[in-house]
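Listed below, chain by chain, are the residues.
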Amino acid sequence: MGLPLLSLIVFTPAVGAALLLLLRGDGAVRWTALGVTILDLALCIAMLAGFDTTTHAMQFVERHRWVPALGITFSLGVDGISALFVFLTALLGTVCVLASWAAIDRRVKAFMVSLLVMQALMLGVFCALDLFLFYVCWEAMLIPMYLIIGVWGGEGRVYAAFKFFLYTLAGSLVFLVGVIALYFQGGETFDIIALTAHNLPFAVQSWLFFAFLIAFAVKVPMVPVHTWLPDAHVQAPTAGSIILAGVLLKMGAYGFLRFSLPMLPEASLYYSTLMLALSALAIVYGGLLALAQDDLKKLVAYSSISHMGFVTLGIFALNLRGLQGGILQMFNHGVTTGALFLLVGLIYERTHTRSIADYGGLMKLAPVYTSFLALFTLSSMALPGTNSFVGELLVLSGGFAANLALGAVAVLGALLSAAYLLGMYGRVSLGPVSAAGLSKIRDVNAREMAAIVPLAIFVLWVGLYPKPFLSIIDASVRHLLVQVHGAGSGP
Amino acid sequence: MDPAISIRPLLAIAVPGLAALAILFLNRRERLRDLVSPLAAVILFAIVASMAPTVLAGGSVELRLFEILPGIALAFRADALGMVFATVSSLLWILAAIYSIGYMRHLNEHAQTRFFACFAASIAAAVGGAFSANLFTLVIFYEALSLVTYPLVYHHEDDEAWRGARRYLVYLMGASKSALLAAIALTYQLAGSLDFVAGGLLAKAEAAPMLLTVVYFCYLFGFAKAAVMPMHAWLPAAMVAPTPVSALLHAVAVVKMGVFCVLRVVFDVFGVGLVAKLGLGIATAYLVSFTILMASVYALTRDDLKARLAYSTVSQLSYIVLGAVLLSPVAMVGGIVHIAAHAFSKITLFFCAGSIFCASGKRNISDMAGIGRRLPWTMGAFFVASLSMIGIPPTAGFVSKWYLVQGSADAGQMAFLLVLLVSSVLNAAYFLPVSYTAFFEAGTQESLSKVREIPLVAAPLVATAILSVLMGIFPGYFLTLADGVVR
């Protein structure tokens, strides 16, 4: 295939951002941004259509010289795991533009530029085959995200943006040390594939494992380095929350999958019980915190901590079902929590309150809205038939195989999720109509539907027919297992 | 016998499902809307009945849609156990649909479109559960049933309704998101599949007996719809729903879904052999015996007729489970047949309670003195159904109790024979006084002078009472199916 598809995917939003700078008028900016994200999404679909699910090898690989003196190249490529998240990023990118259509009414151009630059960098992270390129994109993401929260956020935006920046930067610096150490220990190369093939002594693996853990745990986020998340989410505009929950949190888990597991297999195995315990802690602690929230956004934010706990639980179960489930849950969480933040944003635009106590009886006033809220609430609590149930079943099945007791703790988290999600839905949608201000509320319009419906389709598609999604990641997951457990020893 | 491949199991789910959509669509055209339910019910029953000959002959009707995960497919199968449940649900839906129209119109209830739509959707979920070929498909419909019945429980939208509905959802969802989820994940882990296998999916699994025991009890309590104590408290709370809901859903479809799931677990997930080997049969039998007796005692103390019926249901559901876990073939037949026997009789009793409420506005038994003379059809049917609940020939309840008693003797478990006898006495003690009050106690005549039968309400309950007797005289259909399950 002659076409550099991944470069096109990564650079389309970047070029689009440059194009936006030339435009005048908010309308033109919005439509162009939408066009760019849709084009990017179309490219991603083309990529998936040409994706070979039978191999774990990197596909659509491109290599260009960059800094030969240091062995740095501009290399892109995707395996099954990254392909899924490239698609998710492009999907949520389109949703973000639609979600910001009316919500962002000042400095529209600057906002859309930030959004598109952000998308380009996120895609860069998932496509990078060069550790240096990965790190550059990983770090550079902070800037547009900082701006999105800090400029267009709520009242406490500066504090939240700063806290987000500080936490992630602290994690990243440790990561940088790890990257440099890896460079020297791994044969002075930044090539991720070469680094993966290199066998490191256990002691080195251990040090690197914890260096990476700190960086990735902040992103996931795992308890106890999660406290930036609720602040960032509450203050961020809707699109910011969708990106944060939908894609940024996945970066941490993706880091485990791309670096920790394949490059540091012995350390990953050795510390897996610790990771399972931290995951179980996040599941239950995040769930308890979510249970105590009155702010809709905070509730969804804390639920993310709990749900991402399921992801890391699945990953560090280090068996087939666990990994499949963990990765599928990453995708599911992106879709479902992205949609929940979108819905919270939509209702906030109308009522200017996020306090659950201010709502009640919304079903009578906005039946379409509450139907979607019900669907995504049920998806988030992993009702059978929805996407998360498939993921949760796989994660728990793998988790039980790895550690019965911690699997049982995770089930407790599933129970909590039913409690806070159904409680939230009931207080918002059912019961008597509460405040008089709610009575003139408008149901979802066509543009809002255009953002929600695709996500709703994925909820049911993955829930009832997850095979296409699992077959994309299948070969890569099996290869990953071989890398961790060594060839010959099955999962 | 090779299974027959047919789309009919899916069609049976689609008909009530589409009926629900049609009802929503016909929101403004009430007469047309009200026609949808009875019509769909008749079609559904015809579809179910069309599969009966195959199943009665020992075969099954299957439809496998596609694989969801390795070892898990979206698949349907109408087998003997499923047919018992589906026959009862679809047959009684015809009568309940007519009854509902009479009831809702007479009381001029609000939100009738939502009511009828959710009602039809509940039947779709119940039939879907009956025809599920594996645990994954089953829990999809199991949970769907919880959700679509929820608006029926909060129907009145007053404080009491919201409280009851909340308890309903907390119990059902809480149990399924904890115990049931763990049980399914562990089963998938141990067996690599979630298919129902004759003789038991887990029969060959290599697992510690302790772990299997935990999984078993996770199922028993996770399927909270079976209302085994202490997971029973949602059922009396659900009585805030309009009476047609209590009748068809909370005496037939929803609760039978619960025991149906438990029977599936005993027969097709663990298998009789494994349950016996682990010694779980007797343990469960003691557990449900407690439920049988305790719920009967509760029922004795309730003056609210629907509450008394609800506790009676809790008690009777455990008969079904008891029959299964005694693990003797005769007892199992008794348990399975009791699904149908209890359904016909208990729906009659609830229909009667609704009829009394419609005609007189009375809920408490103590207020019903002399009402039998004003409502002879209703109270006559109530008496017949009471006899069936107690187990007096020639009613349906006699058939199942006969097999249960004989089965406990077969199993050499005299303790449970005693439980059955004591509970029969308790049944008589809480049902017969109702008839006595209604017929023989003198009421204040003026308050009853305007009370008269409502034809659209009374006709279905007479029909179900007749069914209760007919099943007692001609139990062949259900006995053959039950034999098919046990064989």
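Residues numbered from 1 in each chain as written. Chains lettered and ligands numbered in written order. Predicted model: local features only at pLDDT ≥ 70, side-chain atom pairs only at ≥ 80, totals over all residues.

- Looking at an unreviewed UniProt entry, one finds chain B named Multisubunit sodium/proton antiporter MrpD subunit, with Mycoplana dimorpha as its source organism.

- An unreviewed UniProt entry lists chain A under the name NADH dehydrogenase subunit M, from Mycoplana dimorpha.
- The Sequence similarities (unreviewed entry) comment attached to chain A in UniProt states, word for word, "Belongs to the complex I subunit 4 family." (UniProt positions renumbered as here; feature names shortened; annotations may be inferred.)

Some details on the overall build of chain A
Then comes step 1: Looking only at helices and strands, chain A features 21 helices and two strands.
Then comes step 2: The C-alpha atoms of chain A give a radius of gyration of 21 Å, which matches the 23 Å a tight globule of 491 residues would have.
Then comes step 3: Considering only C-alpha atoms, chain A reaches an extent of 65 × 55 × 40 Å along its principal axes.
Then comes step 4: In chain A, buried positions account for 60% of the 491 residues.
Then comes step 5: In chain A, the proportion of contacts linking residues at least 24 apart, taken out of those at least 6 apart, comes to 81%. (Helix = DSSP H or I, 4+ residues; strand = E, 2+ residues; numbered from the N terminus. Rg over C-alpha atoms; globule rule 2.2 N^0.38 Å. Buried ≥ 20, exposed ≤ 12 C-beta atoms within 10 Å, placed from the backbone. Contact = placed C-beta atoms within 7 Å.)

Some points on the overall build of chain B
Then comes step 1: On a plain count of helices and strands, chain B comes out with 19 helices and three strands.
Then comes step 2: At 21 Å, chain B has a C-alpha radius of gyration in line with the 23 Å of a compact globule built from 487 residues.
Then comes step 3: In terms of principal-axis extent, the alpha carbons of chain B reach across some 70 × 55 × 45 Å.
Then comes step 4: A total of 487 residues make up chain B; the buried ones form 63% of that total.
Then comes step 5: For chain B, the share of sequence-separated contacts (at least 6 apart) that also reach a separation of at least 24 residues comes to 81%.

Re the interface of chain A and chain B
Reports often express the size of an interface as the amount of accessible area lost when the parts come together.
Then comes step 1: Each side of the interface is counted separately: chain A has 21 residues, and chain B has 22 residues.
Then comes step 2: Put simply, the parts of the chain that give the side of chain A that touches chain B at least two residues each are α18 (387-402) and α19 (404-429) of chain A.
Then comes step 3: Looking at the side of chain A that touches chain B residue by residue, the classes come out as 17 nonpolar, three polar and one charged. (Nonpolar A, V, L, I, M, F, W, Y, C, P; charged D, E, K, R; others polar.)

What about the UniProt feature "domain: NADH:quinone oxidoreductase/Mrp antiporter transmembrane" (unreviewed entry) in chain B?
Then comes step 1: When the UniProt feature table is mapped onto this chain, "domain: NADH:quinone oxidoreductase/Mrp antiporter transmembrane" (unreviewed entry) is found at residues 132-426 of chain B.
Then comes step 2: With 77% helix and 0% strand, the stretch residues 132-426 of chain B has end C-alpha atoms that lie 36 Å from each other.

A few points about the pairing of strand β2 (residues 61-69) of chain B
Residues and elements named next belong to chain B.
Then comes step 1: In terms of strand pairing, strand β1 (residues 4-5) meets β2 through two bridges, oriented parallel. Each residue of the ladder has a partner; that of I5, found in β2, is E62.
Then comes step 2: Here β2 folds back onto strand β3 (residues 72-78), and the loop between the two strands holds two residues, one of which, G71, carries a positive phi near 85°. (Pairing = 2+ DSSP bridges.)

A look at helix α21 (residues 467-485) of chain A
Residue and element names in this part refer to chain A.
Then comes step 1: Over its 19 residues, α21 runs 25 Å from end to end, which matches the ideal 27 Å to within 8%, given 1.5 Å per residue.
Then comes step 2: Most pronounced at D474, the bend in α21 amounts to some 45°.
Then comes step 3: Every buried residue belonging to α21 is among F469, L470, I472, I473, S476, V477, L480, L481 and V484, and all of these are buried.
Then comes step 4: If you follow the buried residues of α21, they end up packed against α3 (80-99), α11 (238-263), α12 (265-270), α15 (320-351) and α20 (446-464).
Then comes step 5: Downstream of α21 by one or two residues, G486 has phi in the positive range, about 85°. (Expected span 1.5 Å × (residues − 1). Bend = angle between axes of the 7 residues up to and from the residue.)

Observations concerning unusual backbone geometry
Then comes step 1: V220 of chain A connects to P221 of chain A through a cis peptide bond whose omega is -15°.
Then comes step 2: Among the secondary structure elements, P221 of chain A is positioned in the loop between α9 (202-219) and α10 (228-235).
Then comes step 3: P393 of chain B connects to P394 of chain B through a cis peptide bond whose omega is 5°.
Then comes step 4: With respect to the secondary-structure elements, P394 of chain B resides in the loop between α14 (376-390) and α15 (396-410).

Observations regarding the nonpolar core
Then comes step 1: Counting residues in hydrophobic clusters, the biggest one holds 408 residues, and the most contacted among them are V86 of chain A together with V84, A120, V321 and A340 of chain B.
Then comes step 2: The greatest single-element share of this core, amounting to 23 residues, is contributed by helix α9 (residues 243-277) of chain B.
Then comes step 3: Residues in contact with V86 of chain A, not counting those within four places in the same chain, are I9, C44, M47, V78, L123, F126 and C127 of chain A. (Core = buried A, V, L, I, M, F, W, Y, C linked by C-beta atoms within 7 Å.)

Section: the sheet that holds β1 of chain B
Then comes step 1: Reading across the sheet, the three strands line up as β1-β2-β3 (chain B) and stay open at both edges, with mixed pairing between neighbours. Either end of the sheet is taken by a strand with one partner, and the two such strands are β1 and β3 of chain B.

Quick word on the environment of A369 of chain B
Then comes step 1: Position of A369 of chain B among the secondary structure elements: in the loop between α12 (329-360) and α13 (371-374).
Then comes step 2: Take A369 of chain B: there are 19 C-beta atoms within 10 Å of it, and that puts it in the partly exposed class.

Some words on the UniProt feature "domain: NADH:quinone oxidoreductase/Mrp antiporter transmembrane" (unreviewed entry) in chain A
Then comes step 1: Under the feature "domain: NADH:quinone oxidoreductase/Mrp antiporter transmembrane" (unreviewed entry), the UniProt entry names residues 128-416 of chain A.
Then comes step 2: The straight-line gap between the two end C-alpha atoms of residues 128-416 of chain A is 37 Å; of that span, 81% is helix and 0% is strand.

Section: the environment of K163 of chain A
All names here are of chain A.
Then comes step 1: The topology assignment puts K163 in helix α7 (residues 157-185).
Then comes step 2: For K163, a count of 18 C-beta atoms within 10 Å corresponds to the partly exposed category.
Then comes step 3: Taking the C-alpha atoms as reference points, K163 and A232, 69 residues apart in sequence, are found 7.8 Å from one another.
Then comes step 4: Here K163 is in contact with W228 and D231, once residues within four sequence places are set aside.

Quick notes on the packing of α12 of chain B against helix α18 (residues 455-473) of chain B
Geometry of a packed helix pair, given as the angle between the helix axes and the separation of the axes.
Residues and elements named next belong to chain B.
Then comes step 1: Contact geometry of α12 with α18 gives a least axis separation of 9 Å together with a crossing angle of 155°. Judged by the angle between their axes, α12 and α18 are roughly antiparallel. Taken as a pair, α12 and α18 cross one another with a handedness that is left-handed. Residues A340, A341, F344, S345, I347, T348, F351, C352, G354, S355 and C358 of α12 touch α18, and the partners they reach there are V457, A458, P460, L461, T464, A465, L467, S468 and M471.
Then comes step 2: In the contact of α12 with α18, the residues fall into 14 nonpolar, six polar and no charged. (Axes fitted to C-alpha atoms, helices over the stretch in contact; angles between N-to-C directions. Parallel < 35°, antiparallel > 145°, perpendicular 65-115°, else oblique. Left-handed = near helix turned anticlockwise from the far one by under 90°.)

Structural notes on the packing of helix α5 (residues 135-153) of chain B against helix α6 (residues 159-191) of chain B
All names here are of chain B.
Then comes step 1: Direction vectors running N to C along α5 and α6 enclose 170°, while the axes themselves pass 10 Å from each other. What the angle tells us is that α5 and α6 run roughly antiparallel. Contacts between α5 and α6 involve L135, V139, E143, S146, Y150 and V153 on the former and, on the latter, G164, A165, Y168, L169, L172, M173, S176, I184 and T187.
Then comes step 2: For the contact of α5 with α6, the class distribution of residues is 10 nonpolar, four polar and one charged.

A look at the pairing of strand β2 (residues 72-78) of chain A
Residue and element names in this part refer to chain A.
Then comes step 1: In terms of burial, β2 is largely enclosed, as five of its seven residues are buried.
Then comes step 2: Pairing geometry for strand β1 (residues 59-67) and β2, over six bridges, is antiparallel. Among the inter-strand pairings, Q59 is bridged to a residue of β2, identified as V78.
Then comes step 3: As consecutive antiparallel partners, β1 and β2 are separated by four residues, and within that stretch G71 has a phi angle of approximately 75°, a positive value.

With respect to the environment of V462 of chain A
Residues and elements named next belong to chain A.
Then comes step 1: When you line up the elements, V462 lands in helix α20.
Then comes step 2: Distance in space between the C-alpha atoms of V462 and F331 is 9.6 Å, their sequence separation being 131 residues.
Then comes step 3: Not counting the four nearest positions on each side in its chain, V462 is found in contact with N332, N387, V390 and F469.

Regarding the confidence of the model for chain B
Then comes step 1: Of all residues in chain B, 99% attain a pLDDT of 70 or more, and the chain-wide mean is 90.
Then comes step 2: Predicted complex metrics record ipTM = 0.89 and pTM = 0.92. (pLDDT = per-residue confidence, 0-100.)

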